[in-house]
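Residue strings, one per chain:
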Amino acid sequence: QVQLVESGGGLVQAGGSLRLSCAASVRTFSSNVMGWFRQAPGKEREFVATISRSGGSTLYADSVKGRFTISRDNAKNIVYLQMSSLKPEDTAVYYCAARSVIGITDYGSRYDYWGQGTQVTVSS
């Protein structure tokens with residue numbers, strides 16, 4: 001069983017930055033592909049970014065490419081999402097997810113474990 005706890009959300013002005021963290025309580029963290037997804041009010045959950053087990057491969061949604069950076073620290077069992085140049089349309093609940101099968105993917109249904117989410121609000 002994998003437990004994921006997100007933190008770092010909050011209220012920020014447009015153009016600002018935030019760094020989200022996701023702490024995983026699992027001994028084999030480095031065996032999991034990790035991802036970030038988000039869900040805005042009234043909208044479906046959407047893919048944001050994913051990172052391979054070693055951290056050597058990443059994939060981003062077009063809407064965040066060049067502004068967001070996903071990284072991981074396998075020694076600390078943490079995955080990060082550095083968000084810069086934030087826009088009001090980035091406002092959403094951000095979820096961390098873990099996938100125990102090899103291979104990065106932007107399909108949420110292929111992730112096995114999910115955190116409770118952290119709210120990010122970007123004001124204009």
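Residues numbered from 1 in each chain as written. Predicted model: local features only at pLDDT ≥ 70, side-chain atom pairs only at ≥ 80, totals over all residues. Heavy atoms only, no water.

Participant: Could you give me a rundown of the state of the cysteines, with the residues and numbers involved?
Facilitator: As used in these notes, a disulfide is a covalent bond between sulfur atoms, one from each of two cysteines. Scanning the entire structure with this criterion turns up 1 disulfide. Between cysteine 22 and cysteine 96 runs a disulfide, and the two sulfur atoms are separated by 2.1 Å. With the S-S bond torsion at -80 degrees, the cross-link from cysteine 22 to cysteine 96 turns out left-handed. With cysteine 22 in strand β3 (residues 18-25) and cysteine 96 in strand β9 (residues 92-99), this pair connects stretches of sequence that are 74 residues apart. (Disulfide = S-S within 2.5 Å. Helix = DSSP H or I, 4+ residues; strand = E, 2+ residues; numbered from the N terminus.)

Participant: Tell me about unusual backbone geometry, and please be specific about residues and values.
Facilitator: Its identity as a non-glycine residue notwithstanding, asparagine 77 has a phi of 60 degrees, on the positive side. As for its position among the elements, asparagine 77 is in the loop between β7 (68-73) and β8 (78-83). Take asparagine 77: its relative accessible area is 16%, and that puts it in the buried class. With phi around 50 degrees, serine 85 is a residue other than glycine that occupies positive phi space. By secondary structure assignment, the location of serine 85 is in the loop between β8 and β9. (Buried < 20%, exposed > 50% of the residue type's maximum accessible area, 1.4 Å probe, protein only.)

Participant: Any chance you could break down the pairing of strand β5 (residues 46-51) for me, citing the residues and the numbers?
Facilitator: Of all 6 residues that make up β5, 5 are buried, and the element is covered over most of its length. Where strand β4 (residues 33-39) lies against β5, 5 bridges are found, and the strand directions are antiparallel. Across the sheet, the residue bridging to glycine 35 is threonine 50, located in β5. In this antiparallel pair of consecutive strands, β4 and β5, the connection spans 6 residues, and glycine 42 shows a positive phi of 75 degrees. Where β5 and strand β6 (residues 58-60) come together, 3 bridges link them in antiparallel fashion. By the bridge assignment, alanine 49 is partnered in β6 with tyrosine 60. Connecting β5 to the antiparallel partner β6 that follows it, the hairpin turn spans 6 residues, and glycine 55 within it adopts a positive phi of roughly 90 degrees. (Pairing = 2+ DSSP bridges.)

Participant: I'd love a proper account of the nonpolar core, names of residues and values included.
Facilitator: With 35 residues, the main nonpolar core has Met34, Trp36, Val79, Leu81, Met83 and Tyr94 as its most contacted residues. At the level of elements, β3, β4, β5, β7, β8, β9 and β11 (118-123) are the ones that each hand at least two residues to this core. Ignoring anything within four residues of it in the chain, the contact list for valine 79 reads Leu20, Ser21, Cys22, Phe29, Met34, Trp36, Ile51, Ile70, Ser71, Arg72 and Cys96. (Core = buried A, V, L, I, M, F, W, Y, C linked by side-chain atoms within 4.5 Å. Contact = heavy atoms within 4.5 Å.)

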